Amino acid sequence: MSTKHSNNLQDLQYFGEYGGVNPSISDSSTYTFISAKTMFDTFEGNTEGCYLYSRHSSPSNLYLGEALAALEGTETANVTASGMGAITAVILQLCNTGDHIISSRTIYGGTYAFMKNFLVKLGITTTFLDITDLKAVENAITPNTKMIYCESVSNPLLEVADISALSRIAKQNTLPLVVDNTFSPLTVSPARLGADIVIHSLTKFINGTSDCVAGVVCGSTEFCLALKDVNNGAGMLLGSTLDSMRAASILKNMRTLHIRMKQHSANALYLAKKFEQDGLRVVYPGLSSHPGHLIMEDQMNPEYGYGGLLTLDVGTLENANTLMELMQEQKLGYLAVSLGFYKTLFSAPGSSTSSEIPIEEQEEMGLGNGLIRFSIGLDDDIERTYSMMKKCLMDLKILDSTGIKA
Ligand SMILES: *Cc1c(COP(=O)(O)O)cnc(C)c1O
């Protein structure tokens, strides 16, 4: 296991204009200058601490960016209006027509669709492969390859990428390793393991209140400034700018992230162990039956646990749907996409968030249509949650007293 993770989030302090304990929100799209010369220099990017226009940068977005850079241990970070806003900007910044991407085949459905359906319009091609097969990754590299892309813990199959090993391959070939760490904030620190760029959908665990959509790119000062360049920065020109009010609100929610992650992880581990004992087909990186368990142990920050996501395969879509409806009736959670909420959220990824992936490919990667993805909530009494979930499984005869039936 890695040594204790010291994130210095606690040390960041910003005061409001009147000494408030929260920083003031920059409620302006544009900023005045006393001298025309300073305005020109700011436009050219030559003045520290001056603001010009809020699509470029704003104090509230910079505060949030600094907190996220501290979280991931990168030099700096740019916040964006969504996770996809971060992903698309990074890819378009790194790749030109004719270029090639190597990507894990089990990634967020939107990212998969962007690479597979959208980038081809620009002449950028992607090889999707099993990211745990390091030989396959090495073999897929061509002279046109411009990046290796994966998720630390993949959506929805919870495959664990060996980030240190991938980073070695990337460095040997002078390629950037881009890691989407949305499923495992605090739990995994990709940049500390050698990733060059770390992306999050802040919409999920980091904000944690399911009240907004936002994203971030964490990386070197050089790369983040390039993204913001007024002449050719993909972040600046594609215009996925987070609103200052939201940035301020996400920063406040981030202060409880460490407490929430511990509780999500503890609850998910408890349920995963119980479901496994019951003979159910449960996938959770904290179980020794998980193929990536040892890699996870090796690269995680153990105090935050194995994360809040688990999957349960109940055999058929019909089983999955009736179970989810029943659990929702019993107030065990919501039948909803997304993750990282205080309440458990469940959905069948094959028919929802991964529906962009063709059925044959879903089957090949083990994404059966009876698969339910759970984002386990912050439940205070997880034993009670478990007994109520078990009763739902028994009532639907997905489970009987001898174990799984489906
Ligand atoms: C949700 C999600 C995204 C997309 O983020 P948005 O904020 O919805 O744009 C990207 N990657 C992963 C792993 C996600 O779960």
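Residues numbered from 1 in each chain as written. Predicted model: local features only at pLDDT ≥ 70, side-chain atom pairs only at ≥ 80, totals over all residues. Heavy atoms only, no water.

> Residues and numbers for the environment of Gln 13, please.
By the secondary structure assignment, Gln 13 is in the segment before helix 1 (36-43). Through-space distance from the C-alpha of Gln 13 to that of Leu 371 is 43 Å; in sequence the pair is 358 residues apart. (Helix = DSSP H or I, 4+ residues; strand = E, 2+ residues; numbered from the N terminus.)

> If you had to explain the sheet that holds strand 7 (residues 215-219) to someone new, which residues and values would you point to?
Taken together, the seven strands give an open sheet; going across it, the order is 1-7-6-5-4-2-3, and neighbouring strands pair in mixed fashion. If you trace the sheet from one side to the other, it starts and ends with strand 1 (76-80) and strand 3 (125-129), each paired once. Mean inter-strand twist for the sheet, computed between neighbouring axes without regard to direction, equals 20°. By the bridge criterion, five bridges tie strand 1 to strand 7 in an arrangement that is antiparallel. Each residue of the ladder has a partner; that of Thr 80, found in strand 7, is Gly 215. Each of strand 2 (100-104), strand 3 and strand 4 (145-151) touches helix 4 (residues 109-118); the most contacted strand, strand 3, lies at about 135° to it. Strands strand 4 and strand 5 (177-180) of the sheet are contacted by helix 6 (residues 163-172), whose axis makes an angle of about 150° with strand 5. (Pairing = 2+ DSSP bridges. Axes fitted to C-alpha atoms, helices over the stretch in contact; angles between N-to-C directions. Contact = heavy atoms within 4.5 Å.)

> Tell me what's going on with the domain arrangement of the protein chain, and back it up with residues and numbers.
Accessible area lost when the parts come together is the quantity often used to give the size of an interface. With domains assigned, the protein chain is organised as domain 1 (3-254) and domain 2 (257-395). Using only C-alpha atoms to locate each centre, domain 1 and domain 2 end up separated by 27 Å. Taken together, the contact between domain 1 and domain 2 spans 39 residues of the former and 42 residues of the latter. The largest contributions to the domain 1 side of the interface with domain 2 come from Leu 158, Thr 187 and Phe 205, which together make up 21% of the buried area. Summed over the shared surface of domain 1 and domain 2, the number is zero salt bridges. The interface formed by domain 1 and domain 2 contains twelve residue pairs in polar contact (both at pLDDT 80 or more). (Domains from an automatic or database assignment. Buried area = accessible area lost by both parts, 1.4 Å probe. Salt bridge = Lys/Arg side-chain N within 4 Å of Asp/Glu carboxyl O. Polar contact = N/O pair within 3.5 Å; in protein donor to acceptor, adjacent residues only side chain to side chain.)

> I'd like to hear about the site of the ligand, residue by residue, with values.
Looking at the ligand, there are 14 residues lining it, with Met 84, Asp 180, Ser 201, Thr 203 and Lys 204 nearest. Within the contact set of the ligand, an oxygen atom lies 2.8 Å away from a backbone nitrogen or oxygen of Met 84. Separating an oxygen atom of the ligand from a side-chain N or O atom of Ser 201 is a distance of 2.8 Å. Protein coverage of the free-state accessible area of the ligand, which is 380 Å², stands at 93%. Top element by residues in the shell around the ligand is helix 3 (residues 83-94). It accounts for three residues. (Near = heavy atom within 4 Å. Areas by Shrake-Rupley, 256 points an atom, 1.4 Å probe, with all protein chains shown as cover.)

> Tell me about the sheet that holds strand 11 (residues 345-347), residues and numbers included.
One open sheet accounts for five strands, arranged 8-9-12-11-10; its pairing is mixed. Single-partner strands in this sheet number two, and they are strand 8 (281-283) and strand 10 (334-335). As judged from the two bridges shared by strand 10 and strand 11, these two strands associate in the parallel manner. Counterpart to Leu 335 in the pairing with strand 11 is Phe 346.

> How would you sum up the side chain of Ser 265? Please name residues and give values.
Summarising the element assignment, Ser 265 is placed in helix 10 (residues 257-277). The exposure class of Ser 265 is buried, given its relative accessible area of 3%. (Buried < 20%, exposed > 50% of the residue type's maximum accessible area, 1.4 Å probe, protein only.)

> A description of the packing of helix 10 against helix 14 (residues 382-395) should follow, citing residues and the corresponding values.
Direction vectors running N to C along helix 10 and helix 14 enclose 40°, while the axes themselves pass 10 Å from each other. Considering the angle they form, helix 10 stands oblique to helix 14. The handedness of the crossing between helix 10 and helix 14 is right-handed. Counted together, Asn 267, Tyr 270, Leu 271, Lys 274 and Phe 275 of helix 10 and Ile 382, Glu 383, Tyr 386, Met 389 and Leu 393 of helix 14 form the full contact between these two elements. Tallied by class, residues from the contact of helix 10 with helix 14 come to seven nonpolar, one polar and two charged. (Parallel < 35°, antiparallel > 145°, perpendicular 65-115°, else oblique. Left-handed = near helix turned anticlockwise from the far one by under 90°. Nonpolar A, V, L, I, M, F, W, Y, C, P; charged D, E, K, R; others polar.)

> For the pattern of salt bridges, give the residues involved together with the corresponding values.
Should the charged atoms of two oppositely charged side chains come close, the side chains can pair. Applying the stated criterion across every chain, the model contains six salt bridges. Across the pair Asp 41 and Lys 37 runs a salt bridge, and its minimum N-O distance is 2.7 Å. Residue Asp 41 and its partner Lys 37 are both found in helix 1; the two are separated by four residues, about one turn of the helix. Residue Asp 41 is classed as buried on the basis of its relative accessible area, which comes to 18%. Between Asp 278 and Lys 390 there is a salt bridge, with the nearest N and O atoms lying 3.1 Å from each other. Residue Asp 278 is found in the loop between helix 10 and strand 8, and its partner Lys 390 is found in helix 14; the two are separated by 112 residues along the sequence. Its relative accessible area of 26% is what places Lys 390 among the partly exposed residues.

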